[in-house]
Amino acid sequence: MTDDVFKALADPTRRTILDELAERDGQSLFEICVRLTNRHGIGLSRQAISQHLAVLETAGLVRTRREGRYKFHDLNTEPLERIVTRWLEPRAPENTP
């Protein structure tokens with residue numbers, strides 16, 4: 001799963017999508033597209049943004065939920081927390097004779 005997270009984070013558009021979800025969770029695809037266009041000048045098609053969201057969802061960085069015919073996207077920071085604790089967690093000192 002860690003490889004999927006790094007792959008997802010490698011793309012600047014996906015990082016911008018995560019920034020937008022961090023600022024305002026629970027956005028629809030339409031809302032994300034509008035915010036990317038208006039705030040960041042990213043003029044990708046809805047299909048392209050949807051594909052980016054699919055990569056983020058595969059990596060576990062985005063969760064989706066349906067309400068009626070609408071699909072909402074929420075940021076999930078758990079995969080990032082696992083990466084951070086992997087390398088930044090304090091380690092026990094090694095025993096040296």
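1. Let's talk about the overall build of the chain
Helix and strand content of the chain: 5 helices and 3 strands. Traced from its N-terminal end to its C-terminal end, the chain shows the element sequence α-α-β-α-α-β-β-α. Its C-alpha atoms give the chain a radius of gyration of 16 Å, clearly above 13 Å, the size a compact globule of 97 residues would have. When its C-alpha atoms are laid out on the principal axes, the chain stretches across 65 × 30 × 20 Å. Taken over 97 residues, the chain has a buried fraction of 34%. Relative to all contacts within the chain whose residues are 6 or more apart in sequence, the contacts with residues 24 or more apart total 50%. Only carbon and sulfur atoms are counted for the fraction: they give 50% of the accessible area of the chain, which is about 6,600 Å².

2. Section: the layout of surface pockets
Taken as a whole, the largest pocket encloses approximately 210 Å³ of empty space. In terms of lining, the largest pocket is formed by 13 residues, of which the most central are Leu29, Ser50, Leu53, Lys71 and His73. Listed by contribution, the elements that provide at least two residues to the lining of the largest pocket are helix H3 (29-40), helix H4 (46-58), strand S2 (62-67) and strand S3 (70-75).

3. What about a nonpolar patch on the surface?
Together, Phe6, Val84, Trp87 and Leu88 make up an exposed nonpolar region whose accessible area comes to about 440 Å². Considering each element in turn, the nonpolar patch owes the most residues, 3 residues, to helix H5 (residues 78-88). Relative to the helices and strands, Val84 resides in helix H5. Judged by its relative accessible area of 43%, Val84 is partly exposed.

4. Quick look at the pairing of S3
The sheet contact formed by strand S1 (residues 27-28) and S3 spans 2 bridges and is antiparallel. Residue pairing in the sheet places Gln27 in a bridge with His73 of S3. Where S2 and S3 come together, 6 bridges link them in antiparallel fashion. Along S3, the bridge assignment pairs Arg66 with Lys71. Between S2 and S3, which pair antiparallel and follow one another directly, the connecting turn spans 2 residues, one of which, Gly68, has a positive phi of 65°.

The rules behind the values
Residues numbered from 1 in each chain as written. Predicted model: local features only at pLDDT ≥ 70, side-chain atom pairs only at ≥ 80, totals over all residues. Heavy atoms only, no water. Helix = DSSP H or I, 4+ residues; strand = E, 2+ residues; numbered from the N terminus. Rg over C-alpha atoms; globule rule 2.2 N^0.38 Å. Buried < 20%, exposed > 50% of the residue type's maximum accessible area, 1.4 Å probe, protein only. Contact = heavy atoms within 4.5 Å. Areas by Shrake-Rupley, 256 points an atom, 1.4 Å probe, with all protein chains shown as cover. 1 Å grid on protein atoms, 1.4 Å probe; cavity = no way out; pocket = protein on both sides within 12 Å on 5 of 7 lines; lining within 4 Å. Points joined across faces, edges and corners; volume = space filled by probe spheres on them. Patch = residues over 30% accessible without salt bridge, like charges linked within 9 Å, V, L, I, M, F, W, Y side chains within 5 Å. Salt bridge = Lys/Arg side-chain N within 4 Å of Asp/Glu carboxyl O. Pairing = 2+ DSSP bridges.

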